[in-house]
Amino acid sequence: YTLRITPYSDMYLSVAYGNSTPQAVRAKGGEEYIFTTSLTTMDDTQILIYCAENIQALNDLSACYIRANNFAYATRLKTLIIGSNVTGYANPFITTLSLKDNTLLETLDIRNCPNLTGTLNFSGCPNLLTLLAEGTSVTGVSFATNGKIQTAHLPAAISSLTLNNLSYLSDLSLESYNNL
């Protein structure tokens, strides 16, 4: 349950696992910090990451098997890794993704979250470069017009896809085209 967090700017970075005392560190912008816990199971344990609006990267949350989430206020987030492509990995708990317009977001990995459904709207994320969504049940994706998306790996459930003037898109793959 190790968290790897990179702040956007110099700040005090704090993380609390459940009811534990928050772990705090004086962090430098752009440097990755590692937070660990002595908990052996994370069954519905709430993880609070304070000052989310100043976090640049949440590198690999897959081991936490997150369920409820709110990344809407993480407006400086560039990298968000929730899923994984490790053989046998699946996060059945996450069903929705709370992510608002984020002009800085570059990488989103939600692979192998089979119960993640709905439509992902990236029209307010013009700098998104990589979306990895294989193994989800996402039914629609809308990319920003004239966006910088280069890689988009989409699930078989896709029935709606909006792509307008994406001149950088070089790697588009769908698990299936049956629902389009």
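Novice: I'm lost on the overall build of the chain in this one. Help?
Specialist: A count of helical and extended segments in the chain gives zero helices and 14 strands. Counting from the amino terminus, helix and strand elements in the chain follow one another as β-β-β-β-β-β-β-β-β-β-β-β-β-β. Here the C-alpha atoms of the chain give a radius of gyration of 16 Å, agreeing with the 16 Å that 2.2 N^0.38 yields for 180 residues. Every one of the 180 residues in the chain was classed for burial, and the buried ones make up 42%. Within the chain, contacts between residues at least 6 apart in sequence are counted, and of these 34% link residues at least 24 apart. Carbon and sulfur atoms make up 46% of the accessible area of the chain, which amounts to about 9000 Å² in all. Across the chain, the mean location of the 9 positive side-chain charges is 8 Å away from that of the 13 negative side-chain charges.

Novice: Would you take a moment to explain the nonpolar core for this structure?
Specialist: The tendency in soluble globular proteins is for nonpolar side chains to be buried as a group. Formed by 42 residues in total, the largest nonpolar core has its most connected members in Phe71, Ile82, Leu97, Phe122, Leu131 and Phe143. Broken down by secondary-structure element, the contributors of at least two residues to this core are strand E1 (3-7), strand E2 (11-17), strand E4 (33-35), strand E6 (55-59), strand E9 (117-122), strand E11 (137-143) and strand E12 (151-154). It is E2 that contributes the most residues to this core, four residues altogether. Setting aside its immediate chain neighbours within four residues, Leu131 contacts Leu108, Phe122, Val141, Phe143, Ile149, Thr151, Ala152, His153 and Leu154.

Novice: How should I be thinking about the pairing of E12 in this particular structure?
Specialist: Where a strand is regular, its side chains alternate between the two sheet faces. A two-sided burial pattern is seen for E12, the buried positions comprising Thr151 and His153 on one face and Ala152 and Leu154 on the other. Alignment of strand E10 (residues 130-132) against E12, held across three bridges, turns out to be parallel. In the strand pairing of E12, Thr130 is matched with Thr151. Sheet analysis places E12 next to strand E14 (residues 171-174), joined by four bridges and oriented parallel. Counterpart to His153 in the pairing with E14 is Ser173.

Novice: Quick question: what am I supposed to make of the sheet that holds E6 here?
Specialist: Two modes of strand pairing occur in sheets, parallel and antiparallel, and in both the strands are linked by backbone hydrogen bonds. The strand order across the open sheet built from eight strands is E4-E1-E6-E7-E8-E10-E12-E14, with neighbouring strands paired in mixed fashion. Whereas interior strands pair on both sides, the edge strands pair on one side only; in this sheet they are E4 and E14. Neighbour-to-neighbour, the strand axes of the sheet open up by a mean angle of 15°, direction not taken into account.

Parameters at a glance
Residues numbered from 1 in each chain as written. Predicted model: local features only at pLDDT ≥ 70, side-chain atom pairs only at ≥ 80, totals over all residues. Heavy atoms only, no water. Helix = DSSP H or I, 4+ residues; strand = E, 2+ residues; numbered from the N terminus. Rg over C-alpha atoms; globule rule 2.2 N^0.38 Å. Buried < 20%, exposed > 50% of the residue type's maximum accessible area, 1.4 Å probe, protein only. Contact = heavy atoms within 4.5 Å. Areas by Shrake-Rupley, 256 points an atom, 1.4 Å probe, with all protein chains shown as cover. Lys, Arg positive; Asp, Glu negative; His and termini not counted. Charge placed at Lys NZ, Arg CZ, Asp CG, Glu CD. Core = buried A, V, L, I, M, F, W, Y, C linked by side-chain atoms within 4.5 Å. Pairing = 2+ DSSP bridges. Axes fitted to C-alpha atoms, helices over the stretch in contact; angles between N-to-C directions.

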